[in-house]
Each structure stands twice: as structure tokens, then as C-alpha cells.
Amino acid sequence: MKKRTFLKLAGTAGAGMLIAPFVGCGTGDARTQERDAPVKGMKPKPFLFEQEALGYGFDALAPRIDAATMEIHFGKHHAGYVNKLNKAIGAANGAYDGMELVDLLGTLQPDQTALRNNGGGHYNHTLYWRTLTPGGSPEPAGALREELESAFGSVGAFTEAFATAGAKRFGSGWAWLIRNEEGQLEVTSTPNQDNPLMSQIVDRPGTPLLGMDVWEHAYYLNYQNRRKAYISAFMSLVNWDVVAVNASAQ
Ligand code: MN
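Each value, and the rule that gives it
- Residues numbered from 1 in each chain as written.
- Predicted model: local features only at pLDDT ≥ 70, side-chain atom pairs only at ≥ 80, totals over all residues.
- Heavy atoms only, no water.
- Core = buried A, V, L, I, M, F, W, Y, C linked by side-chain atoms within 4.5 Å.
- Buried < 20%, exposed > 50% of the residue type's maximum accessible area, 1.4 Å probe, protein only.
- Contact = heavy atoms within 4.5 Å.
- Donors = N, O, S within 2.8 Å, 3.2 Å for Na, K, Ca; no water.
- Helix = DSSP H or I, 4+ residues; strand = E, 2+ residues; numbered from the N terminus.
- Pairing = 2+ DSSP bridges.
- Axes fitted to C-alpha atoms, helices over the stretch in contact; angles between N-to-C directions.
- Polar contact = N/O pair within 3.5 Å; in protein donor to acceptor, adjacent residues only side chain to side chain.
- Expected span 1.5 Å × (residues − 1).

Novice: Go over the nonpolar core with me, naming the residues and quoting the values.
Specialist: Core analysis: the biggest nonpolar cluster contains 59 residues, and Tyr-128, Phe-158, Phe-162, Leu-177, Leu-210, Tyr-230 and Phe-234 have the highest contact counts within it. For Tyr-128, the residues in contact, after removing those within four places along its chain, are Ile-65, His-73, Trp-174, Gly-211, Met-212, Asp-213, Ala-218, Tyr-230 and Phe-234.

Have a look at this one:
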């Protein structure tokens, strides 16, 4: 049994409810009603994933991450992944209806390009927004701190390893703190929108606890080519309480 992240996304049928952030939800009742309805030509509502609310304003992370970048990143890039994910789900003829995104990602093969890019894009950005907080937060404490120290030697050594993974990622991609399949904390990196939950695709599978977007769209308006400056800004905005919850989730 794989460990499950708190980040479960299920799609929704129609304009329905969001059961949990990573769960595209299927409200079976609504679908059944529609199938039974005596109106010819009425189609079942599609199974849809939705963005969850950002939780803070577009300008809340400024000046370290500027409002224009946030608005485009959330409203265009992330929204685009969700729209394309829903199209890919729709093209799969119900094969993924009702499946949580964490489980869907684990089924993917390398050639499933649309689900890979857009399912990853949706998960990755949801985690990204959640693990940032205006003004940042105090350093990791408690069990998370102890685990970081055990795995990396110190919190500072972890930070350096994580920042280096982001800086060295060629082109577009992500740096990750994961809990690997051996249950250990590990720093990894993936290209494009690949996610550590894609166990049949990535080199080092695991459960993401913290993810840093190093695509140029995450920083170019404010930092241009200075990715390392953006990485420092990102690290100063991490919500370690959320990372600790992720680390403790079973
Ligand atoms: Mn992005």
C-alpha cells in the first residue's frame, strides 16, 4: 500500500462539490439522475477537476513573488493544466472517472503525454500554492526538523541540497522534497510537470512534501534569468507547518 499524501485531488461531476483538494469528484447521484432523465440527448455531466482557491491574494507574496506573476501563473498556467487535464480525462471514456489524482498519476506510462503533463501540472501547482505563505514561516521544527537533520545533516544542508536541485534542473521542471519508497526524506528533481507520484516514469518515486516550480513562468517577470534569486525568495516563503503535515501524513 502506498502512502497517501494529504494532497488528494478528485474531480467533480458538473459544477459539483470539491470533496478534497486533489479529488476530482464524482457525485454519483447527479450522474444517475441524468442517465435516468427522460430527456433525449442529455449527456452525463463530465468528470472534472477544479482548482482550489489560492488562499491568499495575488499580491500577498510580493515583492518576493510579484502579483503579476502570481495572477498569470495561477489564472493562466495552472488553469490551463486543469482544463487540459479535464479534456484528457474526457477523452479516456470514463477510464479515470472517480479516481483520485494521486492514484491516477501512479498508473501513468511515459507515453500518456496529456495526462502526464496536465495531471502533473494540476497536482504540482496545487502543492506549490499550499506550501507558500505570505511572509514565510519560522524554520522547520519538531519531528520534521529532526527528520531533516537525520537525512541531510542539518536544515541548512537540506536547504542547500533543495536549492541546488532547483538551480541545476536544466530547462523547465521542479525540485522536490519527497518521502521515498523506503520511507526516507530525499531531495529530487523532475523535468517538465513530472511528479514523484508517477512511479512508472520518474527515477526516484515518492510522496511530495514540498515542490518548487523552476519553470521560467514562475519567476521571469521579476527575476528574468536570475533563477537563484527566485529560489531564495521561494525558500523564504515556505509554510513549514504545511510541509510538516505532509511529512506526517500516512
Ligand atoms: Mn508553474
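Right, picking up where we left off after that structure.
Novice: Describe the coordination of the manganese ion, and please don't skip the residues or the numbers.
Specialist: Around the manganese ion, the donor atoms from the protein are His-73 (NE2), His-125 (NE2), Asp-213 (OD) and His-217 (NE2), and they sit 1.9 to 2.1 Å away. Each donor residue of the manganese ion lies on the same chain, and together they follow the pattern H-x51-H-x87-D-x3-H. Linking His-73 in helix α2 (residues 67-91) with His-125 in helix α4 (residues 113-130), this pair joins segments that are 52 residues apart in sequence. A relative accessible area of 0% means that His-125 is categorised as buried.

Novice: Please give an account of the sheet that holds strand β5 (residues 185-191) that cites residues and values.
Specialist: Taking strand neighbours across the sheet as the criterion, the 3 strands line up as β5-β4-β6 in an open arrangement whose pairing is antiparallel. Strands at the two margins of the open sheet, each flanked by one partner only, are β5 and β6 (206-213). Strand-to-strand, the axes of this sheet are offset by a mean angle of 30°, without reference to chain direction.

Novice: So what about the environment of Tyr-223? Which residues, and what values?
Specialist: Here Tyr-223 is to be found in helix α7 (residues 220-223). Residue Tyr-223 is classed as buried on the basis of its relative accessible area, which comes to 11%. When the C-alpha positions of Tyr-223 and Asp-66 are compared, they lie 9.8 Å apart, and in sequence the two are 157 residues distant. Among residues more than four places away in sequence, those in contact with Tyr-223 are Pro-63, Arg-64, Ala-229, Tyr-230 and Ala-233. There is a polar contact of 2.6 Å between the side chain of Tyr-223 and the backbone oxygen of Arg-64.

Novice: Please provide a residue-by-residue account of α4, values included.
Specialist: For α4, which comprises 18 residues, the first-to-last C-alpha distance of 26 Å matches the rise-based estimate of 26 Å (1.5 Å per residue) to within 8%. With 15 of its 18 residues buried, α4 lies for the most part within the structure.

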